[in-house]
Amino acid sequence: MMSLTPSRGCLLDLPWEDILVPHILCHLPLQQLLSLQRVSKAFQSLIQLYLANMRCFDSSQIGPAIPRAAFVNLLKDNEVLQQLALQNCSDWLTDRELLPVIGQNHHLHQIQLKGCAQLSRHALVAISLSCPNLRRLSLAHCEWVDSLSLRSLADHCKALEAVDLTACRQLKDEAICYLVQKCSRLKSLSLAVNANVGDVAVEEIAKCCPELEHLDLTGCLRVKNDSIRVLAEYCPKLRSLKVKHCHNVAESSLSILRSRGVELDVEPPLQRALVLLQDVVGFAPFINLQI
């Protein structure tokens, strides 16, 4: 006897590449997708197809720490990544794991490597050679970044709009000047916690980057009033400036920006006095430059 109950289709009956991958799986957290692989061989094949076509990979979606082997396996077949965020991989990520991913993904336009201390300058050179359309790059607390690797980045990634070089302490004025001369489209730049950066770099930033909107100079102790005035003159689109712990920058230069509505991050007068006290007697108990 024929059943009158309509048959129910299976999720896997839907077109994988046209429906499941671009319109359904992309809305699920990566952690859940990895769990789906254990349901059946068919689901395992589906998730592998999704991983090979994934445009954005963020390690924080997997959990507090992603195993080295899992990272290598997840991205081994992917050649279409556009965004790569690896901020939770600092304990184990080296050039050996990163360079193959960079080398086979030429469409990357956003890379986050904050705190990945075990990489080397070769990682940045690889990025510069493989990612000509790169627009956003975070290298905060990557002290392996040096002037030669930054020059390579500047020579090959001229579309850069945002670069975070916080605590890249090898870099000096000359390297920053070269970067901004080549990458004049920069809208956001952080040079925070770098005592080697001074007025020469800031003035070159101002003159080369008319589109600049955000500049972080926190803890750049060599920056003085003159370069801030140049910044005010040449950067009409500036929206925010961080100059905390830049105790050679005074209100006389900041007032120009303040009058234009630029958001300023600077110590209150009492804390500024404590910074000066630290210079004189080597004691300022409330000052913390950790970023």
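As annotated in an unreviewed UniProt entry, the protein chain carries the name F-box/LRR-repeat protein 15 and is attributed to Columba livia. Reading the Subcellular location (unreviewed entry) entry of the UniProt record for the protein chain gives the comment "Cytoplasm". Quoted verbatim from the Sequence similarities (unreviewed entry) heading of the UniProt record, the comment on the protein chain is "Belongs to the FBXL15 family."

## Topic: the sheet that holds strand β7 (residues 214-216)
Ordered in space as β1-β2-β3-β4-β5-β6-β7-β8-β9, the 9 strands form an open sheet in which the pairing is parallel. Each edge of the open sheet is held by one strand with a lone partner, namely β1 (56-58) and β9 (263-265). Neighbour-to-neighbour, the strand axes of the sheet open up by a mean angle of 5°, direction not taken into account. Relative to strand β4 (residues 136-138), strand β3 (residues 110-112) runs parallel, the two being bridged by 3 bridges. Its bridge partner being in β4, Q112 is matched across the sheet by S138.

## Here's the deal with the layout of surface pockets
Of the volumes computed, that of the largest pocket is approximately 530 Å³. Lining the largest pocket are 30 residues, with R136, S138, A162, D164 and S188 sitting closest to its centre. At the level of elements, β1, β2 (83-85), β3, β4, β5 (162-164), β6 (188-190), β7 and β8 (240-242) are the ones that each hand at least two residues to the lining of the largest pocket. A breakdown of the residues in the lining of the largest pocket according to their chemical character gives 12 nonpolar, 10 polar and 8 charged.

Conventions and cut-offs
- Residues numbered from 1 in each chain as written.
- Predicted model: local features only at pLDDT ≥ 70, side-chain atom pairs only at ≥ 80, totals over all residues.
- Heavy atoms only, no water.
- UniProt positions renumbered as here; feature names shortened; annotations may be inferred.
- Pairing = 2+ DSSP bridges.
- Helix = DSSP H or I, 4+ residues; strand = E, 2+ residues; numbered from the N terminus.
- Axes fitted to C-alpha atoms, helices over the stretch in contact; angles between N-to-C directions.
- 1 Å grid on protein atoms, 1.4 Å probe; cavity = no way out; pocket = protein on both sides within 12 Å on 5 of 7 lines; lining within 4 Å.
- Points joined across faces, edges and corners; volume = space filled by probe spheres on them.
- Nonpolar A, V, L, I, M, F, W, Y, C, P; charged D, E, K, R; others polar.

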